[in-house]
Amino acid sequence: MPPSTSASTAGAPGGIAPGALTGREPHVPAERLVAELVPPPRFDAVRFSTYVPDPARPSQAEAVHALAAFAAGLGGGATAVGGRRPWWRRAPKEPAGPRGVYLDGGFGVGKTHLLASLWHATEAVPERKGFCTFVELTNLVGALGFQQTVRTLGSHRLLCIDEFELDDPGDTVLVSSLLGRLVESGVALAATSNTLPGRLGEGRFAAADFLREIQGLAARFRPLRIDGDDYRHRGLPAAPDPPAETALTRAARTVPGATLDAFPDLLGHLARVHPSRYGALIDGVRTVCLTGVRPVADEATALRLVVLADRLYDREIPVLASGVPFDRLFGADMLAGGYRKKYFRAISRLTALARDARGDLDERDTPGDSAADGGSGGTPSPQD
């Protein structure tokens, strides 16, 4: 169901009147949250066969083989009829060891690509396997309630959780309890993160107070370490120089489906929209244009921006922004704190989207020159 919006309709001389994210008030029913538990559009076509391991990083090829074997061990393709196995077919033998896999590695090494490939490789109808981010999972519990979430996901063959992070003690207990109930129901788990499961919560709160829950979570996963460099920035500059504001507003008026917002106004709007609705907030948007980007001052605002960056990246929406470049978005204290991995991920993703937007802008400014602002080299295929 599309969100209801009230986008700006102010005229713009010489072009289209751009809409504004701050004019949108999305309303997302719980049914949509459940229906959207699938890999995002960026990862519709990924498979194990399309993942290109770095020969210098053997852990990447090892992860592909381990996940392919995990998917094969789940079985169930021809036997799953409406989520149930015919009585004449014997249930596959339960795999020994943890009932889950946990992909640990840095940014851009292909963890999400592999997690989505596992979802695609698992032989079950889409309604019997789920794919979501950690934030989307906690939002689902908030929308449905704990017991209804257990009933909804308890019949699944597999639940994939991307960007697994424990941001506060409440989430630690909530997720530990939820995953425990799902494992008891026979649901296999897979997750990605930049933190090994035994170290979840470190640097964010008194982990010792929740050691029992953290250790319980770790015991449910077999860790698979994936080494490598962030493919998004291999051989590429850290962040493109922001365009002049006049060029940005001109672009917003010439690109169908573009939005134009002042960065401070957008941050204020994000505080009034629940993060579970950020995906709906950008429904139908082709390019996001932001003026006056500046460093984010407080943690709560920064974390909301991280969620928006994930949703924009999932949907491959270019971001054209004036002001400071995205690699200066978060201060040194934030990048050294407990949420630093979230912030580095957001910088990585926003920088990639800014690069896409600048390429589009330069092509419009220099028609016929496909090499503008990028040379003759191509963009690496997305893996994470």
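Quick note: structure is the one above.
Residues numbered from 1 in each chain as written. Predicted model: local features only at pLDDT ≥ 70, side-chain atom pairs only at ≥ 80, totals over all residues. Heavy atoms only, no water.

Chemist: What exactly am I supposed to notice about the overall build of the protein chain here?
Modeler: Along the backbone of the protein chain there are 13 helices and eight strands. The long-range share in the protein chain, meaning contacts at least 24 apart out of those at least 6 apart in sequence, stands at 85%. With the model as given, the accessible surface of the protein chain reaches about 17000 Å², and the carbon-plus-sulfur share is 53%. (Helix = DSSP H or I, 4+ residues; strand = E, 2+ residues; numbered from the N terminus. Contact = heavy atoms within 4.5 Å. Areas by Shrake-Rupley, 256 points an atom, 1.4 Å probe, with all protein chains shown as cover.)

Chemist: Sorry, what's going on with the environment of Thr 287 here?
Modeler: Mapped onto the elements, Thr 287 comes out in strand β7 (residues 287-293). Exposure remark for Thr 287: the relative accessible area of 12% places this residue in the buried category. The spatial distance from the C-alpha of Thr 287 to the C-alpha of Ala 251 is 9.5 Å, given a sequence separation of 36 residues. Contact partners of Thr 287, with chain neighbours within four places excluded, come to Val 255, Gly 257, Ala 258, Thr 259, Ile 317 and Pro 318. (Buried < 20%, exposed > 50% of the residue type's maximum accessible area, 1.4 Å probe, protein only.)

Chemist: I would appreciate a short explanation of unusual backbone geometry in the present structure.
Modeler: Backbone geometry follows two general trends: most residues other than glycine have a negative phi, and most peptide bonds adopt the trans configuration. Residues other than glycine seldom take positive phi values, yet Glu 163 does so here, at roughly 55°. According to the relative accessible area criterion, Glu 163 is buried, its value standing at 6%. Despite not being glycine, Glu 316 has its phi angle at roughly 55°, a positive value. Mapping Glu 316 onto the fold places it in the loop between α11 (299-314) and β8 (319-323).

Chemist: Mind showing me how you'd approach the pattern of salt bridges here?
Modeler: Side chains that carry opposite charge are capable of pairing whenever their charged atoms lie near each other. Scanning the model with the defined rule gives ten salt bridges in all. Its salt-bridge partner being Arg 349, residue Asp 310 comes within 3.0 Å of it at the nearest N-O pair. Placement of the pair is Asp 310 in helix α11 and Arg 349 in helix α13 (residues 340-365), with a sequence separation of 39 residues. A salt bridge links Arg 311 to Asp 314, with the nearest nitrogen and oxygen atoms 3.2 Å apart. Taken as a pair, Arg 311 and Asp 314 lie in helix α11 at a separation of three residues, close to a single helical turn. In this structure, Arg 311 and Asp 314 share a single accessibility class: buried. Here the salt bridges do not stand alone but share partners, grouping Glu 163, Asp 310, Arg 345 and Arg 349 into one network. (Salt bridge = Lys/Arg side-chain N within 4 Å of Asp/Glu carboxyl O.)

Chemist: Explain the pairing of strand β1 (residues 100-105) to me, please; I cannot follow it from the model alone.
Modeler: Remark: a regular strand shows side chains that alternate across the two faces of the sheet. Extensive coverage of β1 is indicated by the burial of six of its six residues. Side-chain alternation along β1 places Gly 100, Tyr 102 and Asp 104 on one buried face and Val 101, Leu 103 and Gly 105 on a second face that is also buried. Relative to strand β4 (residues 188-193), β1 runs parallel, the two sharing five bridges. If you follow Val 101 over to β4, its bridge partner there is Ala 190. (Pairing = 2+ DSSP bridges.)

Chemist: Please clarify how the sheet that holds β7 should be interpreted in this entry.
Modeler: Hydrogen bonds along the backbone pair up the strands of a sheet, which may run parallel or antiparallel. The sheet built from three strands is open, its strands ordered β6-β7-β8 with parallel pairing. At either margin of the open sheet sits one strand with a lone partner, and together these are β6 (258-262) and β8. Pairwise comparison of adjacent strand axes, ignoring direction, gives a mean angle of 15° for this sheet. Bridge analysis of β7 against β8 gives four bridges, and the strand direction is parallel. Of the residues in β8, the one forming a bridge with Leu 290 is Ala 321. (Axes fitted to C-alpha atoms, helices over the stretch in contact; angles between N-to-C directions.)

The quantities given are spatial measurements derived from coordinates; they are silent on function.
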